[in-house]
Amino acid sequence: MGAGASSVVGAEGYGRGWGQTSLGDMPESCVAAVLLYLDPLEICQVACLNRAFRGAASADCIWASKLPANHRYLAALAAAADDDCGCDGAAEGNSRCCSSAAIKKEIYARLCRPTPFDGGTKEFWIEKDKGGFCMSISSKAMSITGRDDRRYWSHLSTEESRFHSVAYLQQIWWLEVCGELDFCFPAGSYSLFFRLHLGRPHKWMGRRSRGAENIHGWDIKPTRFQLSTSDDQHTESECYLTKPGRWILYHVGDFIVPSSDEVTELKFSMMQIDCTHTKGGLCVDSVFICPKDHQYEECVLCQKIL
């Protein structure tokens, strides 16, 4: 019996023996039925097994199930962004990416790369591992009270922001940062965060160091955050800004997008308007939107205001 088992496996792998078949002899349609249950990264890994898995891993039916429902809308924005930046081969790649006959795997790969829009002040992408939709909105796209007065605000260049620039508050009595967004999100549940940093980011001799000078006023009163949508979803929260020297995602709230075909209008803000004291030493980088319940290390859950 042991010899029989050995002949089935053989030197060429499982399935070699009586009928001289192997895993590579499986029909691609059967392999594809299995790959539908895998995540994108797992699909790419099993594609290395043999020719059958490699062929099935490129099938449109596999990647169509991983793409956002409104992937044609997103791909059109990506194509427009590539045309604007004058990327090599953009015209050929964009026509292929946006056409109805486009290879879904190529569309997925393109959407995994950040797509800037609105003059480069916003970016969206989908996550490679799960296909979740994410977006980042630069502080340059927000309305900030007093931002044009150099006594209060300045703009710092830094590699620690995907937009390579952050708004730095030196000192102010009235802090108010507001933003708006109109976008066709893929249907689903999302969370919105402010990405903030207490202290001025520094680099010295190629190493990152943190300047804690001028940080004051954030432990006296909590900072209030608000989020509202065009379909009357609304949430308010507040928390004290803490952990100087680290970039922190402050959770503002969650919202639901019921349809991928309709524009969702978002309004968001952060305020600290208690004028009994000044506050300063704060970097405002961006607003980050991602699928709800995703876990991030540097995240603070603010207390909801009922």
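All chains use their own residue numbering, which begins from 1 and follows the written sequence. Only residues with pLDDT of at least 70 get local features here, since the model is predicted, and only at 80 or more are side-chain atom pairs given and counted; chain-wide, interface and lining totals rely on the full set of residues. Side-chain metrics in this entry use all non-hydrogen atoms of the structure; hydrogen atoms and water are not considered.

(A) Main features of the overall build of the chain. Secondary structure summary: the chain contains 8 helices and 17 strands in total. Put simply, the chain has 306 residues, and 44% of those count as buried. The contact criterion used is simple: two residues touch if any of their non-hydrogen atoms lie within 4.5 Å. Taking the contacts inside the chain whose residues are at least 6 apart along the sequence as the reference set, 67% of them involve residues at least 24 apart. Every accessible area reported is derived by Shrake-Rupley at a probe size of 1.4 Å, with residue values counting cover from the shown protein chains alone. Accessible surface for the chain amounts to roughly 16300 Å². Of this, 53% is attributable to carbon and sulfur atoms. Secondary structure is summarised from DSSP: a helix means a run of H or I of at least four residues, a strand means a run of E of at least two, and numbering begins at the N terminus for each. When accessible area is computed with a 1.4 Å probe and restricted to protein chains, residues below 20% of their type maximum are described as buried, those above 50% as exposed, and intermediate ones as partly exposed.

(B) Quick peek at a negative patch on the surface. Put simply, a patch holds well-exposed residues, over 30% relative accessible area, that have no salt bridge, with like charges counted together within 9 Å and Val, Leu, Ile, Met, Phe, Trp or Tyr side chains within 5 Å. We define a salt bridge as a side-chain nitrogen of Lys or Arg found within 4 Å of a carboxyl oxygen belonging to Asp or Glu. When charges are counted, neither His nor the chain ends are considered; positive counts come from Lys and Arg and negative counts from Asp and Glu. Here the site of a charge means NZ on Lys, CZ on Arg, CG on Asp, or CD on Glu. Taken together, the side chains of Asp231, Asp232, Asp261 and Glu262 present a region of like negative charge at the surface. As for its position among the elements, Asp261 is in the loop between β13 (247–257) and β14 (264–272). Residue classification places Asp261 among the exposed residues on the basis of a relative accessible area of 69%.

(C) Representation of the sheet that holds strand β11 (residues 223–229) in the model. A pair of strands is considered paired only if DSSP assigns at least 2 bridges between the two. On the basis of which strands lie adjacent, the open sheet formed by 6 strands has the order β4-β7-β14-β11-β12-β17 and antiparallel pairing. Looking at which strands have only one partner, the edges of the open sheet turn out to be β4 (143–144) and β17 (303–304). Alignment of β4 against strand β7 (residues 175–183), held across 2 bridges, turns out to be antiparallel. The partner of Ile144 across the bridge, within β7, is Val177.

(D) Inspection of the pattern of salt bridges at higher detail. With the rule as written, the count across this model stands at 10 salt bridges. Across the salt bridge formed by Lys130 and Asp39, the nearest N and O atoms sit 2.8 Å from each other. Of this pair, Lys130 sits in the loop between β2 (122–126) and β3 (133–138) while Asp39 sits in the loop between α2 (28–35) and α3 (40–46); the two residues are 91 residues apart in sequence, bridging distant segments of the chain. When its relative accessible area of 53% is taken as the criterion, Lys130 is described as exposed. Where Arg195 meets Asp285, a salt bridge forms, and the shortest distance between an N and an O atom there is 2.6 Å. Residue Arg195 is found in strand β8 (residues 188–198), and its partner Asp285 is found in strand β15 (residues 282–291); the two are separated by 90 residues along the sequence. Its relative accessible area of 2% is what places Asp285 among the buried residues. Among the charged side chains, a network of salt bridges with common partners joins Arg224, Glu236 and Glu238.

(E) Highlighting the pairing of β11. In terms of burial, β11 is largely enclosed, as 5 of its 7 residues are buried. Bridge count between β11 and strand β12 (residues 234–239): 6 bridges; the pairing is antiparallel. Bridged to Leu227 within β12 is Thr235. Hairpin remark: β11 followed by β12, antiparallel, with 4 residues in the connecting loop; positive phi at Asp232, about 70°. Relative to β14, β11 runs antiparallel, the two being bridged by 6 bridges. Paired with Leu227 across the two strands is Phe268, which belongs to β14.

(F) Examining the environment of Leu175 more closely. Position of Leu175 relative to the elements: it lies in strand β7. Under the relative-accessibility criterion, Leu175 is labelled buried at 1%. With 48 residues separating them in the primary sequence, Leu175 and Thr223 have C-alpha atoms 9.1 Å apart.

(G) Focus on the side chain of Arg110. Positionally, Arg110 belongs in helix α8 (residues 104–111). The exposure class assigned to Arg110 is buried, which follows from its relative accessible area of 7%.

(H) Region of the structure containing the environment of Gly131. By secondary structure assignment, the location of Gly131 is in the loop between β2 and β3. Sequence separation of Gly131 and Ser65 is 66 residues, and the distance between their C-alpha atoms is 10.0 Å.

(I) Spotlight on helix α6 (residues 71–85). Between its terminal C-alpha atoms α6 stretches 21 Å, which fits the 21 Å expected from 15 residues at 1.5 Å a residue. Within α6, burial applies to His71, Leu74, Ala75, Ala78, Ala79, Ala81 and Asp82. Across the axial projection of α6, the buried residues extend over an arc of 160°, all falling on one side. Across α6 from its buried face, at more than 90 degrees, point the exposed residues Arg72 and Asp84. In this analysis, the expected span of each helix is defined as 1.5 Å times one less than the number of residues it contains. The directions considered for the arc are those from the helix axis to the C-beta atoms.

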